[in-house]
Each structure stands twice: as structure tokens, then as C-alpha cells.
Amino acid sequence: MLSGKKILIGVTGSIAAYKTPLLVRQLVKEGAEVKVVATPAALDFVSRLTLSTLSGSPVLTDLFTEGSWANHVALGRWADVFLVAPLSCNSLSKMASGQCDNLFLTTYLSASCPVIVAPAMDDDMWQHDATKKNLEVLSTYGNHIINAEWGELASGLIGFGRMAEPETIVAYVTDFLAKRAQLSGKKALVTAGPTYEPLDPVRFIGNHSSGKMGFALANELSSRGAKVVLVSGPVTVQNIQKRVEVVNVTTAQEMFEACSQHVDYDIAVMAAAVADYSPVEVAEQKIKKRADEVEIKLKKTVDILGTFGTKKKPHQVLVGFALETENENQNAAQKLAKKGADMMVLNSLQNNKAGFGKDTNQVTVFYKNGFIKEFEAKPKTDVAKDIVDLISEMLP
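**Structural notes on the overall build of the chain**
In step 1: For the chain, the helix and strand inventory stands at 13 helices and 24 strands.
In step 2: Along the longest, intermediate and shortest principal axes, the C-alpha atoms of the chain span 75 × 50 × 45 Å.
In step 3: In the chain, of all internal contacts separated by at least 6 residues, the share reaching a separation of at least 24 is 67%.
In step 4: Within the structure as shown, the chain displays about 19,500 Å² of accessible surface, and the carbon and sulfur contribution to it stands at 50%.
In step 5: Taken together, the 42 basic and 43 acidic charged side chains of the chain have centroids lying 5 Å from each other.

So, in C-alpha cells, the structure goes:
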């Protein structure tokens, strides 16, 4: 299953490192080529000799050794995946804050391959708010987390924090790499965030879209091997994979023009909250506060999703998004039929787990054949996985 795959294993200072030789052995048995980079503290828990013997490669721990330089950039480019197992609480904190004081961390920060981490720590450390925040930060960076399990801990306590078993980790990596090749060769176009329609050099008409859902979708499509172009309105979101091409725009017209450069897509996901109207005239100077009332004449913006729907080819999958405040299902179904999309993803402002700026979402997916699929509330990164699963099923 893993034949020919290159896996770089990172080992940090945790008692769970006693499981890493078993993990290395199983990966090699599955046909993977394995290299190991370890923190100095990791070698207090597992021997260099054991790891090098089982992997068939020297264990790397130092940036500089006997006048030579360990090329951390090459390591991160060599691997198909960088698997950190175990990930200690200390190294987790350093990864989240971008520290770079050993070979393991420099390799992590320069890695161009996907990163999967399997944390291990005591229950109280696992439950601490700082740990939860650090894991969330790693997730926003695009890293993939194999959650710690319940069981007996080194402290003698029973609780969460136990590193996942080697069999579980191997199964996760196998499934991850299989999905990573799922959309290989496919071209994907994603839109995200709001558009700002200027009134004058200072003010604009806009909305509260954060872009988080669109960015999560772009990352997930890229993780599965698609070549992704993300056209984004003004957002503060920064967590995008290096392989994703990002085109920054401001207005609806600019977004339409940018999207029109990529009509040869296999998958298009229009997740942006595009303004429906823009001012007919834009003042050259700031509009002064003089009259009690000001009338602003608006005109319709270009219908990006509708335009793509009229030109969609049989092999292409087109997905739209609908954010509603009333008659949600009816409006989403009507929008799907009107726009010519294959799927419409509905979320509602009536749901406190969905909507602008939140890290979670709860969606209902409408198909053009009338089928409806509902999902429970979950992080937007997981919602993105669900949506891409559905898209993959629709591809020819």
C-alpha cells in the first residue's frame, strides 16, 4: 500500500517514543522508504541505533555535525509526508509559535510536503487550554492531527493523551496518501471571502465573510492532488498551502475577470460572498457628511456562478454556496436550479454554529437531481473534507 512512498518521521521527547521503532518497522514493511529526524530529547527515550537499524538510514539530530550541514530544506522536499510521532507538548508549542532551535523544527518550518502529527502527553497537559490552542494553530497551518487516545499513561493515570497505536497511524497515513492522489491531474477553481464595492476612496459596500470556508476548501482540494487556483476577496486568513495559487481581488468585477481566466477547470467551488450590487457612481473624493440623508444608486454586479453555470461542460463539477436568513431550503433549491450548478451548499445565519467568521459550520447540500444531504456541525476544515468527498463522487 505504501510502496515507493517517502516518509520522513519526526521524533520528539516523549515516553511514547518507545512506539516509534514499531511504527518505523511497519512502514518499511508496507514498502515505504523511511528517514528519521529527532530532537535531542527524543534520544533519551529511544536509541539512535534502533531507529537507524529499522529505517535503514542514519538518524539526523544536529544541524551541524563534524563540519557538515544537515540540509533541512532537502529533507522536507524529499518526503511525500512528514509524520511526527510522537509530538510532545513542548515541541507542539514550538511548532505553533514558529520557533526554530533544532534540526527537527527547521525541517518542519521548511517542509513543502504535508505534515501529520500524533501528539502524546499526560491527560492534564492534553486538556490544558494552551495545548488545545496550539493544536488549533497547527490545524490552521494546514497540518493534519491524529488525536491522542484514551488509555493508560506513563504517569500511572488513565485518561486522554496516549499516542495513537502504530497500526492506527499507518492506516491514517495510508488513507491520507491514497486521498492525496485522488484528484491528481484535476484543475480546481475556488473563490473565497467578500467583495468590496467602493463608494468613494474611503468607504465601500461589503459583508462579514472571513474567507475561512473557501480557504479550507482550497487546502483540501490541494491535499488530494488537485492543482488549485484560489480567487480571494479581502480577507485576513493566511493559512493556505504552498501549492495553491492565490489571486487577490477586491470587487465582484475583478473576481469575475480573475475566474474567467480559469474556465478550463474540472472543479469550481464558488464559496465567496460576492456583493449583489455595486454603486453606479464612485465618488473621486471622500463623500462629506452634509445632508441628513444620502441616496446611493446601485446596479447589479456580474453573476459569477450563473455565468459559469451557463457555460459548464459535461465533465465539469460546479458548486455554489447559499447563505440564507429565511426559507433556507426553498431559497437554496431555487438558487441551485437558477444558477445551473451541480450542487448548492446551504448554511444559515439562524444557526449559531454557522455563518460569517466562525470556525465551525453546519451545512446542507442540495443536488440538482433533488437529493438533499445534511451534515452535523463541525470545524470548517472537516466540512471541507465532506464537500470534497461529495465532489469526488461526482467527477466522471
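After presenting the structure, the write-up continues.
**Some words on the sheet that holds strand β7 (residues 115-119)**
In step 1: The strand order across the open sheet built from 6 strands is β3-β2-β1-β6-β7-β8, with neighbouring strands paired in parallel fashion. Edge positions in the sheet fall to β3 (59-60) and β8 (144-145), since each has one partner strand and no second.
In step 2: Pairing of strand β1 (residues 6-11) with strand β2 (residues 33-38) involves 6 bridges; the strand directions are parallel. From the neighbouring strand, L8 faces β2, where its bridge partner is K35.

**A look at the side chain of T106**
In step 1: With respect to the helices and strands, T106 occurs in helix α5 (residues 103-110).
In step 2: A distance of 2.9 Å separates the side chain of T106 from the backbone oxygen of L103, its partner in a polar contact.

**Description of the layout of surface pockets**
In step 1: Of the volumes computed, that of the largest pocket is approximately 1,200 Å³.
In step 2: As for the largest pocket, its lining consists of 42 residues, and the residues nearest its centre are A272, A273, V274, D276 and K335.
In step 3: In this structure, the second largest pocket spans a volume of roughly 920 Å³.
In step 4: Lining the second largest pocket are 27 residues, with E136, S139, T140, P379 and T381 positioned closest to its centre.
In step 5: Elements represented by at least two residues in the lining of the second largest pocket include exactly α7 (129-140), β8, α9 (212-223) and α13 (380-394).
In step 6: It is α9 that contributes the most residues to the lining of the second largest pocket, 6 residues altogether.

**Looking at the pairing of strand β11 (residues 187-192)**
In step 1: Within β11, 5 of the 6 residues are buried, leaving the element largely enclosed by the surrounding structure.
In step 2: Pairing of β11 with strand β14 (residues 227-232), which is carried by 6 bridges, proceeds in the parallel orientation. By the bridge assignment for β14, A188 is matched with V228.
In step 3: Note that β11 and strand β16 (residues 267-270) share 4 bridges and pair parallel.

**Here's the deal with helix α4 (residues 89-97)**
In step 1: The complete set of buried residues in α4 reads S91, L92, K94, M95 and A96.
In step 2: Taken together, the buried residues of α4 touch β6 (81-87), α5, β7 and α7.
In step 3: After α4 finishes, the residue G98 shows a positive phi value of roughly 80 degrees.

**Here we look at the packing of aromatic side chains**
In step 1: Applying the stated criterion to the full structure yields 5 aromatic pairs.
In step 2: Pairing Y196 with F204 gives two aromatic rings, centres 3.8 Å apart and planes at 15 degrees, and the pair type is stacked.
In step 3: Where Y367 meets F371, the ring centres are 5.5 Å apart and the plane angle is 55 degrees; that geometry is what we call tilted.
In step 4: Note on Y367: relative accessible area 13%, which makes it buried.
In step 5: On the basis of relative accessible area, F371 is assigned to the partly exposed category, the value being 46%.

Conventions used here
Residues numbered from 1 in each chain as written. Predicted model: local features only at pLDDT ≥ 70, side-chain atom pairs only at ≥ 80, totals over all residues. Heavy atoms only, no water. Helix = DSSP H or I, 4+ residues; strand = E, 2+ residues; numbered from the N terminus. Contact = heavy atoms within 4.5 Å. Areas by Shrake-Rupley, 256 points an atom, 1.4 Å probe, with all protein chains shown as cover. Lys, Arg positive; Asp, Glu negative; His and termini not counted. Charge placed at Lys NZ, Arg CZ, Asp CG, Glu CD. Pairing = 2+ DSSP bridges. Polar contact = N/O pair within 3.5 Å; in protein donor to acceptor, adjacent residues only side chain to side chain. 1 Å grid on protein atoms, 1.4 Å probe; cavity = no way out; pocket = protein on both sides within 12 Å on 5 of 7 lines; lining within 4 Å. Points joined across faces, edges and corners; volume = space filled by probe spheres on them. Buried < 20%, exposed > 50% of the residue type's maximum accessible area, 1.4 Å probe, protein only. Phe/Tyr/Trp six-rings, centres within 6.5 Å; stacked < 30°, edge-to-face > 60°.

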